[in-house]
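# Structural overview for review
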Amino acid sequence: EVSYYDMAEAADGSILIVDNGFARVLVLDPDTFEVKKEFGKYGTTKGMEFNHPGFIGVNRSGDIWVNDSMNRRAQVFKSDYTPKYVTGEAKTFVGAFLGMGGMTIDADGNWMIADPPMATIQAFNAADGKYLHHIADENLKVDESTGQRPFLRMANPVGIWLNAPKGLLYICSPQTDEVLVRQILKAKGGEKEGVGK
């Protein structure tokens, strides 16, 4: 059964719609809303195979990131909808996922992905998908590579959005009914945070 989950705008203006019911992404004409193309199918091991695809995003280069949620990996496609790389796996350490929430793009164009069960947000290099750093450390320790400390109240981060010019990261936490706001500073070790209900 068709089950639309998330959508984004492709580099050419097409509308991308994730259909997790049929494990695919539909590419719609922005004027007629007719399906021009689709990519992906159900599967658990190969590229172009999805198991419950979820959130989708497009970066400045036109690359398309699709959270392949039940496979606990992300698949990235070029602007022509051909595979670029796959990153992540189902494990409980950095560079892998226990769960997959929303995504946003950082000021450098890299991918930031929420992992609700791990209460963390991880960043991945847009060029090759390699793990860069995480913001909320599940052990509540400062991440020495970034100087960022964890949110003590962050629970089940799902939706995230970065206002890159202001360096503000907004995090929806449905478990606590809060939207957390964190200012990401360039200086190592510095950040501010706030909470809204």
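This is a predicted model, so every value here is computed, not measured. (Residues numbered from 1 in each chain as written. Predicted model: local features only at pLDDT ≥ 70, side-chain atom pairs only at ≥ 80, totals over all residues. Heavy atoms only, no water.)

### Side note on the side chain of Glu 49
This is how the line gets drawn: Comment: elements are numbered from the N terminus, with helices defined as DSSP H or I runs of at least four residues and strands as E runs of at least two. Type-normalised accessible area, obtained with a 1.4 Å probe on protein chains alone, sets the label of each residue: buried when under 20%, exposed when over 50%, and partly exposed for intermediate values. Residues scored as positive are Lys and Arg, those scored as negative are Asp and Glu, and His as well as the terminal groups of each chain are ignored. A pair is scored as a salt bridge if a Lys or Arg side-chain nitrogen falls within 4 Å of a carboxyl oxygen belonging to Asp or Glu. Two N or O atoms count as a polar contact when they lie within 3.5 Å, although within protein this holds only if one can serve as hydrogen donor and the other as acceptor, and sequence-adjacent residues are included solely when both atoms are side-chain atoms. Residues count as neighbours in contact if any of their non-hydrogen atoms are within 4.5 Å of one another.
Position of Glu 49 among the secondary structure elements: in strand 6 (residues 49-50). Buried charge Glu 49 goes without a salt bridge, the closest partner of opposite sign being Lys 41 at 4.5 Å. There is a polar contact of 3.3 Å between the side chain of Glu 49 and the backbone nitrogen of Thr 44. What Glu 49 contacts, discounting residues up to four positions off in sequence, is Lys 41, Tyr 42, Gly 43, Thr 44, Asp 68, Asn 71, Arg 73 and Gln 75.

### Focus on the nonpolar core
For clarity, the threshold we go by: Put simply, buried Ala, Val, Leu, Ile, Met, Phe, Trp, Tyr and Cys residues joined by side-chain atoms within 4.5 Å make one nonpolar core.
Judged by nonpolar contacts, the single largest core of 15 residues is most densely connected at Leu 16, Val 25, Ile 56, Ile 64, Val 66 and Tyr 81. Among the secondary structure elements, those contributing two or more residues to this core are strand 2 (15-19), strand 3 (24-28), strand 7 (53-58) and strand 8 (64-68). Residue contacts for Tyr 81: discarding those within four places in its chain leaves Ala 10, Asp 12, Ser 14, Leu 16, Val 27, Lys 37, Phe 39, Met 48 and Ile 64. Grouped together as the second largest cluster of nonpolar side chains are 11 residues, Val 76, Phe 97, Met 103 and Ala 126 included.

### Notes on the environment of Met 48
Along the chain, Met 48 falls in the loop between strand 5 (41-42) and strand 6. The exposure class of Met 48 is partly exposed, given its relative accessible area of 25%. The spatial distance from the C-alpha of Met 48 to the C-alpha of Val 86 is 9.4 Å, given a sequence separation of 38 residues. Residues in contact with Met 48, not counting those within four places in the same chain, are Phe 39, Gly 40, Lys 41, Gln 75, Phe 77, Tyr 81 and Pro 83.

### So, the environment of Thr 44
Summarising the element assignment, Thr 44 is placed in the loop between strand 5 and strand 6. Given a relative accessible area of 44%, Thr 44 falls into the partly exposed group. Remark: the alpha-carbon pair of Thr 44 and Asn 71, spanning 27 residues in sequence, is separated by 6.2 Å. Excluding its chain neighbours within four sequence positions, the residues that come into contact with Thr 44 are Glu 49, Asn 51, Asn 71 and Arg 73.

### So, the sheet that holds strand 8
Using the following cut-off: The pairing criterion for strands is at least two bridges between them, as found by DSSP. An axis is simply a line fitted to the C-alpha atoms; with a helix, the fit covers only the stretch in contact. Between two such axes, the angle follows the N-to-C directions and lies from 0 to 180 degrees.
Taken in spatial order, the four strands of this open sheet run 7-8-9-10, and their pairing is antiparallel. What marks the edges here is a single partner per strand, and that holds for strand 7 and strand 10 (83-87). The mean angle between the axes of side-by-side strands here comes to 20 degrees, regardless of whether they run parallel or antiparallel.

### A look at the sheet that holds strand 1 (residues 4-9)
The sheet built from four strands is open, its strands ordered 1-2-3-4 with antiparallel pairing. Edge strands, defined here as strands with exactly one partner in the open sheet, are strand 1 and strand 4 (35-39). Neighbouring strand axes in the sheet, compared pairwise and without regard to direction, differ in orientation by 20 degrees on average. Direction of pairing for strand 2 relative to strand 3: antiparallel, over a ladder of five bridges. Within strand 3, the position partnered with Ile 15 by the bridge is Leu 28.

### Quick look at the packing of aromatic side chains
As a reminder of what qualifies: Classification of ring pairs rests on two measures: the distance between centres of Phe, Tyr or Trp rings, Trp counted by its six-membered ring, which must be within 6.5 Å, and the angle between planes, read as stacked under 30 degrees, edge-to-face over 60 and tilted in between.
Enumeration over the complete set of coordinates arrives at nine aromatic pairs. With a centroid separation of 5.0 Å and 40 degrees between ring planes, the pair formed by Trp 65 and Trp 111 is classed as tilted. Of the two residues, Trp 65 is situated in strand 8 and Trp 111 in strand 12 (residues 111-115); the sequence distance between them amounts to 46 residues. As far as the burial class goes, Trp 65 and Trp 111 line up, both buried. Both rings, one in Phe 124 and one in Tyr 131, keep their centres 6.2 Å apart while their planes meet at 75 degrees; by these two values the pair is edge-to-face. Overall, Phe 124 belongs to the buried group, its relative accessible area being 0%. Taking relative accessible area as the criterion, Tyr 131 reaches 28% and is therefore assigned partly exposed. Every member of this aromatic cluster is reached through a ring pair, and the members are Trp 65, Phe 97, Trp 111, Phe 124 and Tyr 131.

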